[in-house]
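Structural overview
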Amino acid sequence: MARSLLSHFPILSNSTSLSCAVTPSKCFARHLFVRPKASSFHCLCTLSLSEPTVLETSGSMRKRIVSGVQPTGSIHLGNYLGAIKNWIELQNSYDTLFFIVDLHAITLPYETQQLAKATRDTAAIYLACGVDTSKASVFVQSHVRAHVELMWLLSSATPIGWLNRMIQFKEKSRKAGDENVGVALLTYPVLMASDILLYQSDFVPVGEDQKQHLELTRELAERVNYLYGGRKWKKLGGRGGTIFKVPEPLIPPAGARVMSLTDGLSKMSKSSPSDQSRINLLDSKDVIANKIKRCKTDSFTGLEFDNPDRPECNNLLSIYQLVSGKTKEEVAKECQDMNWGLFKPLITNALIDHLHPIQVRYKEIMSDSAYLDGVLAEGAARATEIADATLNNVRQAMGFLRR
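A quick note: this is a predicted structure, and the numbers were derived from the prediction, not measured. As a convention, each chain's residues are numbered from 1 in the sequence order in which they are written. Only residues with pLDDT of at least 70 are given local features in this predicted model, and only at 80 or more are side-chain atom pairs given and counted; all residues enter the totals for whole chains, interfaces and linings. The side-chain values count all of the structure's non-hydrogen atoms but skip hydrogen atoms and water molecules.

1. A word on the packing of helix 7 (residues 183-197) against helix 8 (residues 211-228)
Angle between the axes and distance between the axes are the two parameters that describe a pair of packed helices. Only the stretch in contact is used when fitting a helix axis, every axis being a line fitted to C-alpha atoms; angles between N-to-C directions are given from 0 to 180 degrees. By definition, any uninterrupted DSSP run of H or I lasting at least four residues is a helix, any uninterrupted run of E lasting at least two residues is a strand, and each is numbered from the N terminus. Running from N to C, helix 7 and helix 8 cross one another at 65°; their axes reach a closest spacing of 9 Å. When the interaxial angle is binned, helix 7 and helix 8 end up roughly perpendicular. Our pair here, helix 7 against helix 8, has a crossing hand that is right-handed. Contact residues: helix 7 offers Y188, P189, V190, M192, A193, I196 and L197, while helix 8 offers H213, L214, L216, T217, L220 and A221. Any residue outside Ala, Val, Leu, Ile, Met, Phe, Trp, Tyr, Cys, Pro, Asp, Glu, Lys and Arg is labelled polar, Gly included; the first ten of those are nonpolar and the last four are charged. Looking at the contact of helix 7 with helix 8 residue by residue, the class counts come to 11 nonpolar, two polar and no charged. Angle categories are assigned with fixed cut-offs, so that under 35 degrees is roughly parallel, over 145 is roughly antiparallel, 65 to 115 is roughly perpendicular, and the rest are oblique. Throughout, a crossing is termed right-handed when the near helix is turned clockwise from the far one, and left-handed when it is turned anticlockwise from it by less than a right angle. Only heavy atoms enter the contact rule, under which two residues are in contact if any of them lie within 4.5 Å.

Printed below as a string of structure tokens:
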């Protein structure tokens, strides 16, 4: 869910492809109606998309997408190019909900004095980047209480072995040490599942580092559907059938993993101790220029994509491609004979030109607190309406006394 809630979106394409070990129809049936096994995960179908299009259900019903970014640290280029920038395309074709995942932000030590401000800053950046509140709902995760309640209900159906296998938990707990790791770090994939399943999401944008968490979400949806859905739910007065929609992943063809400026093999991250490793969206022109000037390069002749021996070169060309709006082929041709002395001013100017209007709009939004508060309140109200409907079904299917 920077740790984002599966927050890497693609630009959609006219040609879609599903990759799976079985045929789509058999896979669909398998996902919906076979009891999940605690010892293994089912296949994770991949929907790969590359050009703008509209994928909708019949009539006016749109498919739904939900995602968000944590309000810890500064929103950087990786968050923007891997997620937020692509939301602008998606909101035109999908029913979209974008939220600030502040509950996830407390799974590791954080500054309590900064959380509220960082949450508002993140919301303002969403809007400054082009999220349109007439098309998408923007809200704060903790403002919709159903997230936490559904997490608790889902926790009762989540085998502890599933959580123990989460790679990110192992990595982060090892770094922090057992004495500094709270239970929330172990269980936050269940909260993330709650975030997704509450809204009956059709698609969830994911980066490579988040695929395992979506896999758990899908398995958990299937498990709850098996344990409490179908005829069991109908006997309790419900509609029967599946309780949760099993979401499909969306994996972007480019931009999902913007890498560090100091190490082309590491993802650009808020948690990196060096600010030199990332371009923050609100960095000044001088700061951007200085970071690009000092970023890690190599001594090869010319510039090229996809050379495994040149990760920094591939990363910088990819960033330039994304902020300039050019195709990969155009960038490859333009830069093939360049040296770093010529390319660095080129990418610097492209970054500054691309981020300048975002920075201007951000300042305007932050100067009007009533407007921002109104956006978040309206978004939370709509999200609550959808979430409560799902939560009421879950309560009913699990046998709770109606209140």
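The discussion continues.
2. Focus on the packing of helix 4 (residues 146-155) against helix 14 (residues 369-397)
Put simply, helix 4 and helix 14 touch, their axes get as near as 10 Å, and they point 25° apart. Compared by their axis directions, helix 4 and helix 14 come out roughly parallel. Seen from above, helix 4 lies across helix 14 with left-handed handedness. In contact with A146, E149, L150 and L153 of helix 4, helix 14 contributes A387, D388, L391, V394 and R395. For the contact of helix 4 with helix 14, the residue count by class is six nonpolar, no polar and three charged.

3. What about the pairing of strand 5 (residues 95-100)?
The cut-offs for exposure are 20% and 50% of the maximum accessible area for each residue type, with area from a 1.4 Å probe on protein chains only; residues under the lower value are buried, those over the upper are exposed, and the others partly exposed. Within strand 5, six of the six residues are buried, leaving the element largely enclosed by the surrounding structure. Taken together, the six bridges between strand 4 (residues 64-69) and strand 5 define a ladder with parallel strand orientation. Bridge pairing in strand 5 places V66 opposite L97. Relative to strand 6 (residues 136-140), strand 5 is paired through five bridges, and the arrangement is parallel. By the bridge assignment for strand 6, T96 is matched with A136. For a crossover, the right-handed case is the one in which the path from the first strand over the helix to the second runs clockwise, viewed with the strands pointing away from the viewer. Note on the crossover from strand 5 through helix 3 (residues 112-128) to strand 6: the handedness is right-handed. Two strands make a pair as long as DSSP finds a minimum of two bridges between them.

4. Things to note about the environment of P247
Inspection of the secondary structure puts P247 in the loop between helix 9 (230-235) and strand 8 (248-251). You can call P247 buried: its relative accessible area is 0%. Put simply, P247 and R218 are 29 residues apart on the chain and 6.5 Å apart in space, counted from C-alpha to C-alpha. Leaving out residues up to four positions away in the same chain, P247 has contacts with I196, L197, S201, D202, V204, L214, T217 and R218.

5. What about the pattern of salt bridges?
Definition used for salt bridges: Asp or Glu carboxyl oxygen within 4 Å of a side-chain nitrogen of Lys or Arg. Within the structure shown, the criterion is met by 16 salt bridges. Here R310 makes a salt bridge to E304, at a shortest N to O gap of 3.3 Å. In this structure R310 comes out as buried when scored by relative accessible area, which is 0%. Of the charged contacts, one joins K328 and D306 as a salt bridge, the two residues approaching to 2.6 Å between their closest N and O atoms. Taken together, the residues K328 in helix 12 (residues 328-335) and D306 in the loop between helix 10 (285-294) and helix 11 (311-324) connect sequence positions 22 residues apart. The exposure class of K328 is partly exposed, given its relative accessible area of 32%. Since its relative accessible area comes to 53%, D306 is described here as exposed. One salt-bridge network, in which partners are shared between bridges, spans D275, R278, D283 and K291.

6. Structural notes on the pairing of strand 4
In regular strands, side chains alternate between the two faces of the sheet. Burial analysis of strand 4 places six of its six residues in the buried class, which makes it a mostly covered element. Burial along strand 4 is two-sided: R64, V66 and G68 and I65, S67 and V69, pointing in opposite directions, are all buried. For the crossover from strand 4 across helix 2 (residues 77-90) to strand 5, the handedness is right-handed.

7. Things to note about the confidence of the model for the chain
Detailed reading of predicted coordinates is not advised where the pLDDT is low. Of the residues in the chain, 80% have a pLDDT of 70 or more, and the chain-wide mean is 83. Residue-level confidence of the predictor is summarised by pLDDT, bounded by 0 at the bottom and 100 at the top. Residue range residues 6-59 is modelled with pLDDT below 50. Its contacts to residues more than four positions away, or to other chains, number 156 contacts.

8. Digging into unusual backbone geometry
Phi angles above zero are rare outside glycine, and Q200 is one such case at about 50°. Phi angles above zero are rare outside glycine, and D306 is one such case at about 65°.

9. Here's the deal with the nonpolar core
Judged by nonpolar contacts, the single largest core of 53 residues is most densely connected at Y126 and F343. In plain words, nonpolar cores are sets of buried Ala, Val, Leu, Ile, Met, Phe, Trp, Tyr and Cys residues tied together by side-chain atoms within 4.5 Å. The next biggest cluster of nonpolar side chains, apart from the first, holds 37 residues, and it includes L150, L154, L198 and L216.

10. Regarding the environment of L317
Following the sequence through the fold, L317 ends up in helix 11. Owing to a relative accessible area of 1%, L317 belongs among the buried residues under this scheme. The spatial distance from the C-alpha of L317 to the C-alpha of D306 is 9.8 Å, given a sequence separation of 11 residues. Apart from residues no more than four positions distant in its own chain, L317 is found in contact with L303, E304, F305, V331, C335 and F343.

11. Some details on the packing of aromatic side chains
Only centres within 6.5 Å qualify two rings of Phe, Tyr or Trp (six-membered ring in Trp) as a pair; their planes then separate them into stacked at under 30 degrees, edge-to-face at over 60, and tilted for everything else. Taken as a whole, this structure holds seven aromatic pairs when the rule is applied. Measuring from centroid to centroid gives 6.0 Å for Y94 and F203, while their planes differ by 85°, and the two rings are edge-to-face. Of the two residues, Y94 sits in the loop between helix 2 and strand 5 while F203 sits in strand 7 (residues 203-205), which places them 109 residues apart along the sequence. Exposure remark for Y94: the relative accessible area of 1% places this residue in the buried category. When the centroid spacing of 6.0 Å and the interplanar angle of 55° are considered together, the rings of F139 and Y199 count as tilted. Of this pair, F139 sits in strand 6 while Y199 sits in the loop between helix 7 and strand 7, placing them 60 residues apart in sequence. With respect to class, F139 is no different from Y199; both count as buried. Here the aromatic cluster, defined as three or more aromatic residues joined through ring pairs, consists of W87, F98 and Y126. The ring of W162 is capped by R223, whose NZ or CZ atom sits 5.8 Å from the centre of that ring. Lysine and arginine charges are scored as sitting over a ring when NZ or CZ, respectively, is within 6 Å of the ring centre and within 35 degrees of the ring normal. Sitting above the plane of the F305 ring, K328 keeps its charged end 5.2 Å from the centroid.

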